[in-house]
Amino acid sequence: MKLTVRRFECLDSTNLYARENFYSLSNGVVILARTQSAGKGRRGRKWISPDEGNLYFSIVLKDDFPHTEQVNNITQVASIAVAQTLEFYGLFPSIKWPNDVLVSGKKVCGLLSESVIYRNQIQGAVLGIGLNVNMSLKTLKTIDQPATAMGIELKKNLDPEEVLAILLNHFSVCYACFQKKGFIGLKDHWIKYTKEWIGKKVRVENESIKKTGSILAFNENGTLKINFDDNVSTVYDGDIYIDK
Ligand code: BTN
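A. Here's a closer look at helix 2 (residues 73-88). The end-to-end C-alpha distance of helix 2, which contains 16 residues, comes to 23 Å, matching closely the 22 Å that a straight helix rising 1.5 Å per residue would cover. Along helix 2, 14 of the 16 residues are buried, which leaves the element largely enclosed by surrounding structure. Immediately beyond the C-terminal end of helix 2, within one or two residues, lies Gly90, with a positive phi of roughly 90°.

B. Representation of the environment of Asp239 within the structure. In this fold, Asp239 is placed in strand 12 (residues 239-242). We classify Asp239 as buried; its relative accessible area is 2%. Residues Asp239 and Phe22 lie 217 residues apart in sequence; the distance between their C-alpha atoms is 28 Å. Leaving out residues up to four positions away in the same chain, Asp239 has contacts with Arg42, Arg43, Arg45, Trp97, Pro98, Arg203, Val204 and Glu205. Of note is the side chain of Asp239, whose polar atom sits 2.7 Å from the side chain of Arg42. A distance of 2.9 Å separates polar atoms of two side chains, one belonging to Asp239 and the other to Arg43.

C. Looking closely at the pairing of strand 4 (residues 93-96). Burial of strand 4 is two-sided: the residues Pro93 and Ile95 facing one way and the residues Ser94 and Lys96 facing the other way are all buried. Where strand 4 lies against strand 5 (residues 100-103), 4 bridges are found, and the strand directions are antiparallel. The residue of strand 5 that forms the bridge with Pro93 is Val103.

D. A look at helix 5 (residues 160-181). Its 22 residues place the ends of helix 5 31 Å apart at the C-alpha level, agreeing with the 32 Å of an ideal helix rising 1.5 Å per residue. All of the buried residues along helix 5 are Val163, Leu164, Ile166, Leu167, Leu168, Phe171, Ser172, Cys174, Tyr175, Cys177 and Phe178. In this structure Asp159 caps helix 5, since a side-chain oxygen of it lies 3.0 Å from the backbone nitrogen of Glu161. Once helix 5 finishes, Gly182 follows within two positions and takes phi at roughly 85°, a positive value.

What counts, and where the lines are drawn
Residues numbered from 1 in each chain as written. Predicted model: local features only at pLDDT ≥ 70, side-chain atom pairs only at ≥ 80, totals over all residues. Heavy atoms only, no water. Helix = DSSP H or I, 4+ residues; strand = E, 2+ residues; numbered from the N terminus. Expected span 1.5 Å × (residues − 1). Buried < 20%, exposed > 50% of the residue type's maximum accessible area, 1.4 Å probe, protein only. Contact = heavy atoms within 4.5 Å. Polar contact = N/O pair within 3.5 Å; in protein donor to acceptor, adjacent residues only side chain to side chain. Pairing = 2+ DSSP bridges.

Taken by themselves, the reported measurements are silent on function.
Listed below in structure tokens is the structure:
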């Protein structure tokens, strides 16, 4: 897929802009903003988006769009591309299910995919990526969960445009593989970045569950196999937290 970047100084949210202009934007357009005034996170959370040299962008995905049951995998495909980018810079990333990318156990990148639906038919999606590249310690402290930035981990400032180019290259390759073979085509990468979580005791939270269990496996379709006290279940969405 050819990815073309459109740059903006400030948007409320790159996801919102891409969704509002979805039908006039071509497949593969990347909406990039230096700063966002109302960055959105998963499950109604905010994404703090100051102008400190971070990356906030959304990719418009419409042609050869995956099957409905694979839509949840889009952010997971992108999380692999982010992890590969971090590795290129010498970092050791892991992916916290379903798609948070962590370094040193702290969140460095969040992904939010939103489907665009017309008359009950999926037209495509907007894939939003927020990557902390040069965030200051002061700003990181205002985030309500342990967070870090590439620059903090590497003890130097990075060029966000260079990071973006590398990330988009990795994404193109991963997404092409996903389109051709499905999420199973990225199985080895998925296992590599998630395996450190196997056996960990976690709290699972989604619309219908709030309980603890230990992670048995990361399934090939991106879902989670958990051993709860009363049964073994497959979890399709939500968040996991280390149970202390
Ligand atoms: C999360 O909660 O982890 C997902 C965060 C996603 C943030 C990105 S920043 C670019 C894009 N625009 C938004 O408003 N959100 C996503």
